[in-house]
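Structural features, examined
One letter stands for each residue in the lines below.
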Amino acid sequence: MKQISFLIAALFFAMAGFSQTTYYWVGGTAATSFTNLSNFNTMLDGSGTARVIGATNDILIFDGSNVGGATPTTGTVTAQVSGTSNIFQLKLQNAANVVLQRAATGTGTINVNGDGTTAPDFVVPVGNNLTINNIVPAASTGSIVTVIAAAATGVVGGNITIEGDGGSRISPIAAGGLQFQSGSIFNSNATPVSTSAYPFGNATTQSTVGGVVFNTGANLNVNGNKSPFAGTSTSPTVFMLPGSNYYQRAPRGDGSYVNSKAFGNFFVQNNTAFVCDGTIFKLENLTVENGSTFITHTSGQTPVLGNLVVSGSLTAPAAGSTNTLIMGGNAAQTISGPGIIDVPNFTVANSSNVTLQKNITVGTNPTNTSPSVNIVGTISFNNTAQFLGDAGFTSRVNGSATDINGSVVAGSYYLAGGAGILSGNNGLKISGPGITPGTNVVGFSGGGGYVNLSQPATATTSGTYTFSSDSATLSSANPNGFDSTSGSVIVTGTKSYQSGTNYIVNTTSNSPFGISSSAPSGMTLGNLTLNAAATTNYNLRINGTLTLNAGILTIRSTDTVRLLTPTPIGGGPFSVSKYISTQTNGVDVGGLRVDNISSPYTFPVGSNLNYLPTILVPVAPADYVVGVFKGATSTGTPSGTQLTPAQKSGIVDAVWTIGQLNGTGDCTLTLNWDNSLEGTTFSTYADNEIGIAQYDGSMYGVASGNGNQSLNFATSTFSTFSPFIVSKTGTVLPVKLLGLYAKFVSTGVQVNWNVANEAGTLKYEVEKSVDGRNFTLAGIVSAAGRNTYSYIDQVISPASTIYYRLKISDINGKITYSDVVILKQGNNVEISVYPNPAVSIISVAGLAGKGMISVISIDGKTLMQLPVNANSMSVNVDKLPAGTYILQVAENNQRHNIRFTKE
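By convention here, each chain's residues receive numbers from 1 onward along its written sequence. In keeping with the model being predicted, local features are shown solely for residues with a pLDDT of at least 70 and side-chain atom pairs are shown and tallied solely at 80 or more, while totals for entire chains, interfaces and linings include all residues. Note that the side-chain values use all heavy atoms of the structure and ignore hydrogens as well as water.

**Considering the overall build of the protein chain**
We count it as follows: Numbering of helices and strands runs from the N terminus; a helix is a DSSP stretch of H or I covering at least four residues, while a strand is a stretch of E covering at least two. Both definitions apply: the radius of gyration is a C-alpha atom measure, and the globule rule equals 2.2 Å times residues to the power 0.38. Throughout, exposure labels follow a simple rule: accessible area from a 1.4 Å probe, protein chains only, divided by the maximum for the residue type, with under 20% read as buried, over 50% as exposed, and the rest as partly exposed. Contacts are assigned to residue pairs with any non-hydrogen atoms lying within 4.5 Å of each other. Residue exposure ignores everything except the shown protein chains as possible cover, and the areas themselves are Shrake-Rupley values with a 1.4 Å probe. Just so you know, the count uses Lys and Arg for positive and Asp and Glu for negative, and it drops His and the chain ends. By convention, charge coordinates are those of NZ in Lys, CZ in Arg, CG in Asp, or CD in Glu.
Tallying secondary structure elements over the protein chain gives two helices and 82 strands in all. Against the 2.2 N^0.38 benchmark of 29 Å for 903 residues, the protein chain shows a C-alpha radius of gyration of 47 Å, more extended than a compact globule. Dimensions of the protein chain along its principal axes, counting C-alpha atoms only, are 165 × 65 × 55 Å. Sorting the 903 residues of the protein chain into buried and exposed places 54% on the buried side. Sequence-distant contacts, at least 24 apart, represent 62% of the contacts inside the protein chain between residues at least 6 apart. In the structure as shown, the protein chain presents an accessible area of about 34,900 Å², 52% of it carried by carbon and sulfur atoms. Taking the average place of the 38 positive charges on the side chains of the protein chain and the average place of its 39 negative ones, the gap between the two points comes to 5 Å.

Have a look at this one:
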């Protein structure tokens with residue numbers, strides 16, 4: 001029984017030894033001792049028991065609703081710390097404002113040992129403020145050390161400030177021992193007094209690596225010149241997690257600041273010139289405010305994973321800096337602000353998408369021998385943003401670096417294990433165990449063997465890691481595009497737009513594409529996307545997809561846009577406001593070429609103002625090039641003679657130039673047009689009368705195939721390719737006889753005639769008559785592709801009047817006759833009508849002076865008559881509708897019929 005009683009008593013005393021007592025500050029607002037036990041009471045109003053022995057299991061609370069005990073008081077508490085206090089917990093609550101002050105030399109220590117539970121032991125909630133300083137007396141070098149023991153934790157939602165020059169600090173012993181929550185603020189206002197003490201302790205003796213954690217939304221303000229990260233770059237006491245905010249408001253001072261550290265959002269403020277003390281692992285948003293300067297480290301990288309806003313300046317050290325500014329985020333990023341960015345090197349990483357809203361100067365430092373701009377991912381230029389300076393420029397495609405063996409830790413932003421072989425992987429994507437797809441390499445440490453990552457590792461693992469790049473994308477809203485002197489990239493170094501670079505055109509431009517310094521006049525693109533009108537400035541090869549979302553792509557007359565694969569053009573449906581226009585100049589027509597077509601393919605082409613798409617259906621794979629222009633000509637070229645209005649009345653007034661390359665075999669063409677190009681006669685054709693005629697080098701052949709009047713298309717199959725027109729099937733374009741004249745010469749009668757559009761004409765037969773009714777053959781002249789012909793009839797008839805005409809034979813057997821010219825013996829006068837075609841007035845010459853002139857329609861109706869009263873007369877035909885008419889001259893019991901055209 002005594003033994004049992006003894007055990008019960010021992011257990012009672014043991015429990016009593018670990019019991020907690022909560023005390024509230026009742027010492028008021030006047031400066032008084034933190035260690036004065038009577039300043040704490042078990043009751044907020046002071047009606048309880050005063051703190052007696054200062055036990056290690058005490059919980060001390062500053063409650064802002066009453067800090068005076070029996071005399072209710074609010075305001076700032078100034079508690080002067082001396083000696084060493086060991087407690088379970090220290091808490092602020094209800095908007096408390098507390099100053100822990102060291103008023104003498106030496107150190108005052110508060111050890112927060114924890115109560116053994118998971119509840120936080122050092123607590124500064126939202127709305128509460130804690131300041132730790134040694135400002136009384138002014139010359140004091142004393143300090144206050146708040147130690148959060150390994151078994152304890154701290155949580156801050158309010159504000160903490162450490163100031164003065166005595167080395168005051170908060171030192172969590174365990175990793176993650178002090179957590180700053182969203183909205184909390186830590187003001188690091190300390191100034192140097194020794195190299196061994198920093199606002200969060202020294203990583204090797206008073207705190208631990210990552211002992212302090214600033215979570216998303218937490219704020220660290222550096223207003224003094226004592227680093228909050230302690231003294232060494234390899235053992236930082238503070239971890240800044242993604243989304244946390246770091247404000248640099250004073251020049252760099254004692255300790256390590258950014259070297260080998262990762263940050264959330266980083267701000268340079270208060271007219272501060274901040275010089276980096278080493279290579280940064282990562283930054284999220286970087287903001288350099290007006291009047292402030294961010295100066296990168298001499299070497300290494302400055303990786304930004306969020307937005308970059310520079311209202312002040314972002315520069316590099318003056319002498320020999322090789323630092324690279326890397327935009328490496330996995331979400332959309334912008335670079336903006338009215339300030340200056342002047343850096344040695346610039347990179348956009350593989351999976352990054354950066355919008356540039358301001359100029360960036362790269363490579364002005366003369367001691368940097370190879371400055372560079374490397375675009376591995378996507379960069380979008382606004383209408384004025386440019387790359388300036390002496391750097392070279394590369395849009396990178398299919399890059400790679402040497403594989404390495406390494407390891408990652410879940411949640412970390414680095415890969416370990418690749419020392420010495422990492423210099424080529426900046427901006428590439430990394431793949432391997434534990435790596436999130438799309439992760440960029442945003443930096444490296446050759447000596448330490450670390451590869452810095454844009455996204456945290458998903459697992460703790462190891463293996464082989466590979467590095468590669470996809471295709472860079474250049475997107476510009478600059479009207480000058482990529483013109484080398486006024487466009488988005490005007491650096492003066494060597495430019496390399498690597499084959500396969502993607503382009504996005506966002507505004508109307510005549511220089512939308514860049515050209516490599518050593519390249520010929522052509523270039524190869526990956527994907528091309530048009531969100532606005534553009535005109536080619538080079539021959540283009542596209543090995544990806546061409547997409548027309550808006551505007552017209554104009555292909556210059558000397559250029560070809562070549563699709564290396566028959567991928568359909570995206571962005572349809574196409575129309576007169578969205579298509580590909582093929583320009584003309586002289587005999588040249590711009591072309592859209594598509595390789596290896598083996599199935600129906602639509603060429604959404606057109607002329608300057610007309611959408612005239614073409615569909616090709618080949619029987620075997622082949623490459624085809626298509627161009628089109630308005631205004632049908634006799635030679636199928638833009639510079640050829642325009643067909644006459646009469647000829648155009650029966651066709652579609654356009655020419656399609658189609659070529660078959662690297663292949664053979666039939667191909668079915670479907671040509672489309674709009675109503676404005678149809679001739680007046682063409683609109684009367686039935687569907688089965690519409691076909692396609694091919695120009696064979698000297699003339700247009702017989703039109704073949706069929707069409708559709710309501711849908712405006714014609715279809716036919718060909719095995720050879722050249723210019724094509726749409727006309728009536730089974731016919732060729734008739735020869736246009738511009739004039740027929742006859743006169744006496746020394747060797748007989750010379751008959752002259754002028755023609756246009758001789759395509760399809762076989763021969764001219766000169767016929768003569770003495771009565772105007774019965775004609776005999778005088779001679780034959782073969783069609784020779786000329787405009788002017790002549791024949792001399794050496795057998796002169798004795799009749800007083802001789803009549804001549806032409807019998808014109810086409811290759812398809814069609815025969816037409818010209819009007820008759822009359823030649824009278826003795827006066828060598830012939831009746832002629834000019835101009836023909838006529839517009840408003842025609843002149844009739846060679847008249848006898850008496851008779852009648854009649855204008856007769858083709859169907860035989862007499863439309864007007866005039867008496868002949870002179871040897872030449874004028875006839876006003878202005879009111880006649882356009883068409884063909886007969887002018888009949890009746891004199892001396894003879895009738896002379898001359899055909900003319902009214903335009």
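**A short note on the sheet that holds strand E60 (residues 614–618)**
Note the threshold: Pairs of strands are assigned from DSSP output, requiring at least two bridges between the strands. Convention adopted: a line fitted to C-alpha atoms gives each axis, helices being fitted over their contacting stretch, and angles between N-to-C directions are expressed from 0 to 180 degrees.
With antiparallel pairing, the five strands of this open sheet are ordered in space as E58-E60-E63-E66-E65. Edge positions in the sheet fall to strand E58 (601–603) and strand E65 (706–708), since each has one partner strand and no second. For this sheet, the mean inter-axis angle between neighbouring strands, taken without regard to orientation, is 20 degrees. Pairing of E65 with strand E66 (residues 713–718) involves three bridges; the strand directions are antiparallel. By the bridge assignment for E66, Asn 706 is matched with Thr 715.

**As for the side chain of Asn 323**
So the rule is basically this: We call two N or O atoms a polar contact when they sit within 3.5 Å, provided that within protein one can donate a hydrogen and the other can accept it, with sequence-adjacent residues counted only if both atoms are side-chain atoms.
Its location among the elements puts Asn 323 in the loop between strand E28 (313–315) and strand E29 (324–327). At a separation of 3.4 Å, a polar atom in the side chain of Asn 323 contacts the main-chain carbonyl oxygen of His 297. At 2.9 Å, the side chain of Asn 323 and the side chain of Thr 302 are in polar contact. Those residues within four positions of Asn 323 in sequence are excluded, and the remaining contacts are Thr 296, His 297, Thr 298, Ser 299, Gly 300, Gln 301, Thr 302, Pro 344 and Asn 345.

**Regarding the packing of aromatic side chains**
Both the distance between ring centres and the angle between the ring planes are used here to describe each pair of aromatic rings. Inclusion rule: Pairing of aromatic side chains here covers Phe, Tyr and the six-membered ring of Trp, requires ring centres within 6.5 Å, and sorts the geometry by plane angle: under 30 degrees stacked, over 60 edge-to-face, intermediate tilted. Remark: a charge is flagged as sitting over a ring if the NZ atom of Lys or the CZ atom of Arg is within 6 Å of the ring centre and within 35 degrees of the ring normal.
Taken as a whole and judged by the stated rule, the model has 40 aromatic pairs. A centroid spacing of 6.3 Å and a plane angle of 70 degrees characterise the contact between Phe 200 and Phe 214, whose relative ring orientation is edge-to-face. Highlighted residues: Phe 200 in the loop between strand E17 (185–190) and strand E18 (212–214) and Phe 214 in strand E18, separated in sequence by 14 residues. When sorted by exposure, Phe 200 lands in the same class as Phe 214, which is buried. Between Phe 682 and Tyr 685, the aromatic rings sit 5.4 Å apart at their centres with planes inclined by 65 degrees, giving edge-to-face as the arrangement. Of the two residues, Phe 682 and Tyr 685, neither departs from the other in class, the shared state being buried. Through successive ring pairs, a cluster of aromatic residues spans Phe 346, Phe 381, Phe 387, Phe 393, Phe 482, Tyr 497, Tyr 503 and Phe 513. Note that Lys 226 overlies the ring of Tyr 198, its terminal NZ or CZ placed 4.6 Å from the centroid. Lying over the aromatic face of Tyr 413, Lys 282 brings its terminal NZ or CZ to 4.5 Å of the ring centre.

**Notes on the pattern of salt bridges**
In plain terms, the rule: Salt-bridge detection follows one rule: a side-chain nitrogen of Lys or Arg within 4 Å of a carboxyl oxygen of Asp or Glu.
Inspection of every chain in the model, using the stated rule, returns 13 salt bridges. The partner of Asp 58 in a salt bridge is Arg 51, and the shortest N-O contact between them spans 2.6 Å. Each of the two residues, Asp 58 as well as Arg 51, counts as buried. Its salt-bridge partner being Lys 768, residue Asp 793 comes within 2.9 Å of it at the nearest N-O pair. In this pair, Asp 793 sits in strand E72 (residues 788–793) while Lys 768 sits in strand E70 (residues 761–769), placing the two residues 25 residues apart along the sequence. Of the two residues examined, Asp 793 and Lys 768, each falls in the buried class. Here the salt bridges share partners, and the residues they tie into one network are Arg 562, Arg 593, Asp 595 and Asp 623.

**Points about the nonpolar core**
Keep this limit in mind: Take the buried residues of types Ala, Val, Leu, Ile, Met, Phe, Trp, Tyr and Cys, join any two whose side-chain atoms come within 4.5 Å, and each joined set is a nonpolar core.
In this structure, Phe 122, Phe 294, Phe 346 and Phe 387 are the most contacted members of the largest nonpolar core, which totals 136 residues. If sequence neighbours within four positions are ignored, Phe 294 has contacts with Phe 266, Val 268, Phe 274, Cys 276, Ile 280, Leu 283, Leu 286, Val 288, Thr 302, Ser 313, Leu 314 and Thr 315.

**Section: a nonpolar patch on the surface**
Just so we agree on the cut-off: Surface patches are drawn from residues lacking salt bridges whose relative accessible area is over 30%; two like charges belong together within 9 Å, two nonpolar side chains (Val, Leu, Ile, Met, Phe, Trp, Tyr) within 5 Å.
Judged by side-chain polarity, Val 209, Phe 239 and Leu 241 come together as a nonpolar surface patch covering roughly 210 Å² of accessible area. For Val 209, the position within the fold is in the loop between E17 and E18.

**So, unusual backbone geometry**
With the exception of glycine, the majority of residues adopt a negative phi angle, and the majority of peptide bonds are in the trans configuration. With an omega dihedral of 5 degrees, the bond running from Gly 572 to Pro 573 counts as a cis peptide bond. Within the element layout of this structure, Pro 573 appears in the loop between strand E53 (560–563) and strand E54 (580–582). Unlike most non-glycine residues, Ala 95 shows phi in positive territory, near 60 degrees. If you trace the backbone, Ala 95 turns up in the loop between strand E7 (89–93) and strand E8 (97–101).

**Here's the deal with the sheet that holds E28**
The strands that make up a sheet pair up through hydrogen bonds in the backbone, lying either parallel or antiparallel. Read across the sheet, six strands follow the order E23-E25-E28-E31-E34-E37 without closing on themselves; strand pairing throughout is parallel. Whereas interior strands pair on both sides, the edge strands pair on one side only; in this sheet they are strand E23 (273–275) and strand E37 (387–388). As defined by bridge partners, strand E31 (residues 340–343) adjoins strand E34 (residues 360–362) across two bridges and the pair is classed as parallel. Within the sheet, the bridge partner assigned to Val 343 lies in E34 and is Val 362.

**Quick word on the pairing of strand E32 (residues 345–348)**
Of the two faces of E32, both are covered, the one formed by Asn 345 and Thr 347 as well as the one formed by Phe 346 and Val 348. The pairing of E29 with E32 spans four bridges and is parallel. Bridge pairing in E32 places Ile 326 opposite Thr 347. One ladder, built from four bridges, connects E32 with strand E35 (residues 372–375); its direction is parallel.

**A word on the environment of Pro 566**
With respect to the helices, strands and loops of the structure, Pro 566 is situated in the loop between E53 and E54. Classification of Pro 566 as partly exposed rests on a relative accessible area of 33%. Considering only alpha carbons, one finds Pro 566 and Asn 543, 23 residues apart in sequence, at a separation of 9.6 Å. With residues near it in sequence (within four places) discarded, Pro 566 still touches Val 594, Asp 595, Asn 596, Ile 597 and Tyr 601.

**Looking at the environment of Ala 519**
By secondary structure assignment, the location of Ala 519 is in the loop between strand E47 (501–505) and strand E48 (522–530). Residue classification places Ala 519 among the partly exposed positions, given a relative accessible area of 30%. Separated by 409 residues in sequence, Ala 519 and Ile 110 place their C-alpha atoms 71 Å apart.

**Quick notes on the environment of Thr 29**
Within the secondary structure, Thr 29 sits in the loop between strand E1 (21–25) and strand E2 (32–33). Each C-alpha atom, one on Thr 29 and one on Ala 532, is 69 Å from the other, the two residues being 503 residues apart in sequence. For Thr 29, the residues in contact, after removing those within four places along its chain, are Val 67, Thr 73, Thr 74, Gly 75, Thr 76, Val 77 and Thr 78.

**A word on the side chain of Ser 313**
Position of Ser 313 among the secondary structure elements: in strand E28. Beyond its immediate chain neighbours, meaning those up to four positions away, Ser 313 contacts Val 288, Ser 292, Thr 293, Phe 294 and Ile 340.

**Comments concerning the pairing of strand E43 (residues 450–453)**
Examined bridge by bridge, strand E40 (residues 414–416) and E43 share three bridges and lie antiparallel to one another. Paired with Tyr 414 across the two strands is Asn 452, which belongs to E43. With four bridges connecting them, strand E42 (residues 441–445) and E43 associate as antiparallel partners. Note that in E43 the partner of Phe 444 across the bridge is Val 451.

**Considerations on the confidence of the model for the protein chain**
A low pLDDT score tells you not to read the predicted coordinates there in detail. Spelled out, the test is: A residue's pLDDT is the predictor's confidence in that residue, given on a scale from 0 to 100.
Averaged over all residues, the pLDDT of the protein chain is 88; the fraction at 70 or higher stands at 91%. Here residues 1–18 scores under 50 on pLDDT; set against residues more than four positions off or in separate chains, the count is four contacts.

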